[in-house]
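# Coordinate analysis (summary)
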Amino acid sequence: MDIINRIQMAIMESNTQRAKLTCPICNQQFIPESFHIEKVIMDTKEGLLGIRIVSEKNALDQTEIKPMNIVRKVWVTFCPDCGYSLRFIAEIAKKELVEKEGKTLSSFDELGTHYFYNLYNFPKPYMDYTDYFDETIEDIVSDIKDSLKNIHLEKLGSLSREFYIEKVDPFKSLIRFYANLKEYCVSNIDQSSKKMDLDEKNKELHIPKQLEEILREIRDLRDRVVHESYDLNEDDIALVKDAFQTFVYYLVSTELTKLKLKNRIQNIENGIIVKENVFWAIRRFLNDEVGSILAIPDYSNIILKPLLEQLKFPKSI
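For the structure given in this document, a descriptive report is provided here. (Residues numbered from 1 in each chain as written. Predicted model: local features only at pLDDT ≥ 70, side-chain atom pairs only at ≥ 80, totals over all residues. Heavy atoms only, no water.)

As a further point, take the pairing of strand β7 (residues 85–96). Looking along a regular strand, one sees the side chains alternate between the two faces of the sheet. The pairing of strand β6 (residues 69–78) with β7 spans nine bridges and is antiparallel. The partner of Asn69 across the bridge, within β7, is Lys94. Where β6 folds back on β7, the antiparallel hairpin that results is connected by six residues, among which Gly83 adopts a positive phi of roughly 80 degrees. Here β7 pairs with strand β9 (residues 113–121) via six bridges, running antiparallel. When the bridges of β9 are listed, Lys94 appears paired with Asn118. (Pairing = 2+ DSSP bridges. Helix = DSSP H or I, 4+ residues; strand = E, 2+ residues; numbered from the N terminus.)

Here it is as structure tokens:
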């Protein structure tokens, strides 16, 4: 899309009104449930909407004068109260002397002058339910993404894929996981606390006791591997797996709890938004996009379900 078209699209979108529509029949004010486009069917037997004008002096006998504007498509919605159908122009052909950039319907001569029918498109005149719903979801999802940037979600996903999918050396996974753990601790405590050991940093961050114990085991395991040439066994690998999943859950749940998503959704003031649908859409985002990034096997049971319970989402979602 060239720059001219992008500018035109931006102008068009800015003309869509965030307001209720008033029915001209029953005066009911409402937010449209939806709009659809209908093509306007025109009789062209006498030319493109031709109008024949017969002059008394026969100078213009059988001359076809074409209209200045031709409606080609319309936006259609209806009043939910009385069912009246409301129509707004979606595409119009304007009779002009100069051919404009973009689509042109046709060109013709009229009384010795050459004209073009240049096509112009118009956006939906009012925002409908889908627009309001999508806007609501996009705002919440944007805040979730910003929040999860604090825990370097992509990096956690990379560690997870190495461990679960690419099956890299468990020792390398352990070292990288431990480095990621230290990075998180250092980046989330104040400058004066950065010389603390890992146990002190965990307490400074108020990490739950169960997770603190798991992380301490990971530290000890890492020290044995590095300093004692210790070889990881199956129990050690299971420990790394459990520690990683527990740590990821802690990070994600801690960040999302700060957003108070349940209260935010329940306090949506727009009267047309079905709040259960918002809960469902946010759940789908957490399952599809966040789950895809983390790439943890059985993500739904290990991370998502307890996360939704902690966030106090409706159980039916």
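Our next topic: the packing of aromatic side chains. In the structure shown here, the tally under the stated rule is nine aromatic pairs. For the ring pair Phe108 and Tyr117, a centre distance of 5.1 Å and an interplane angle of 40 degrees mean the geometry is tilted. For the pair formed by Phe108 and Tyr117, the shared burial category is buried. Between Phe279 and Phe313, the aromatic rings sit 4.9 Å apart at their centres with planes inclined by 75 degrees, giving edge-to-face as the arrangement. Of this pair, Phe279 sits in helix α9 (residues 275–294) while Phe313 is found in the segment after α10 (299–310), placing the two residues 34 residues apart along the sequence. The same class applies to Phe279 and to Phe313, which are both buried. (Phe/Tyr/Trp six-rings, centres within 6.5 Å; stacked < 30°, edge-to-face > 60°. Buried < 20%, exposed > 50% of the residue type's maximum accessible area, 1.4 Å probe, protein only.)

Looking now at helix α2 (residues 129–149). Its 21 residues place the ends of α2 30 Å apart at the C-alpha level, agreeing with the 30 Å of an ideal helix rising 1.5 Å per residue. Along α2, the residues that are buried comprise Tyr129, Tyr132, Phe133, Thr136, Ile137, Ile140, Val141, Ile144, Ser147 and Leu148. Each buried residue of α2 lies within a common arc of 155 degrees when the element is viewed along its axis, so the set occupies one face. Facing away from the buried side of α2, by more than 90 degrees, are the exposed residues Glu138 and Lys149. (Expected span 1.5 Å × (residues − 1). Arc of directions from axis to C-beta.)

In this structure, Ile144, Val252, Val278, Ile282, Leu286 and Leu294 are the most contacted members of the largest nonpolar core, which totals 58 residues. Among the secondary structure elements, those contributing two or more residues to this core are α2, α3 (153–165), α4 (170–187), α6 (209–228), α7 (234–258), α8 (261–266), α9 and α10. When residues of this core are assigned to their parent elements, the largest contribution, eleven residues, is made by α7. Dropping the residues within four chain positions of it, Ile282 is found in contact with Ile137, Ile140, Val141, Ile144, Ile265 and Phe313. Residues Phe30, Trp75, Ala90 and Tyr126 belong to the second largest nonpolar core, which totals nine residues. (Core = buried A, V, L, I, M, F, W, Y, C linked by side-chain atoms within 4.5 Å. Contact = heavy atoms within 4.5 Å.)

A separate point is the environment of Phe171. With respect to the helices and strands, Phe171 occurs in helix α4. Judged by its relative accessible area of 31%, Phe171 falls in the partly exposed class. Between the alpha carbons of Phe171 and Ile237 there is a distance of 8.8 Å; along the sequence they are 66 residues apart. Look past the residues within four positions of Phe171 in its chain and what remains in contact with it is Val225 and Leu232.

On to unusual backbone geometry, then. A positive phi is found at Lys260, a non-glycine position, where the angle reads about 50 degrees. By the secondary structure assignment, Lys260 is in the loop between α7 and α8. Of the residues examined, Lys260 reaches a relative accessible area of 56% and is grouped as exposed.

For the rest of this paragraph, the subject is the packing of α9 against α10. The geometry of α9 relative to α10 is characterised by a closest axis approach of 11 Å and an angle of 140 degrees between their N-to-C directions. Here α9 is positioned oblique relative to α10, judged by the angle of their axes. Where α9 crosses over α10, the handedness of that crossing is right-handed. Residues Arg283, Leu286, Asn287, Val290, Gly291 and Leu294 of α9 lie in contact with α10, whose contacting residues are Tyr299, Leu304, Leu307 and Leu308. Classifying every residue of the contact of α9 with α10 gives seven nonpolar, two polar and one charged. (Axes fitted to C-alpha atoms, helices over the stretch in contact; angles between N-to-C directions. Parallel < 35°, antiparallel > 145°, perpendicular 65-115°, else oblique. Left-handed = near helix turned anticlockwise from the far one by under 90°. Nonpolar A, V, L, I, M, F, W, Y, C, P; charged D, E, K, R; others polar.)

Between α2 and α9, whose axes approach to 10 Å, the crossing angle comes to 45 degrees. As summarised for this structure, α2 and α9 are arranged oblique, according to the angle between their axes. The crossing of α2 and α9 is right-handed. Each of Tyr129, Phe133, Thr136, Ile137, Ile140, Val141, Ile144, Lys145 and Leu148 in α2 lies in contact with α9, whose residues at this interface are Asn277, Val278, Ala281, Ile282, Phe285, Leu286, Glu289 and Val290. Looking at the contact of α2 with α9 residue by residue, the classes come out as 13 nonpolar, two polar and two charged.

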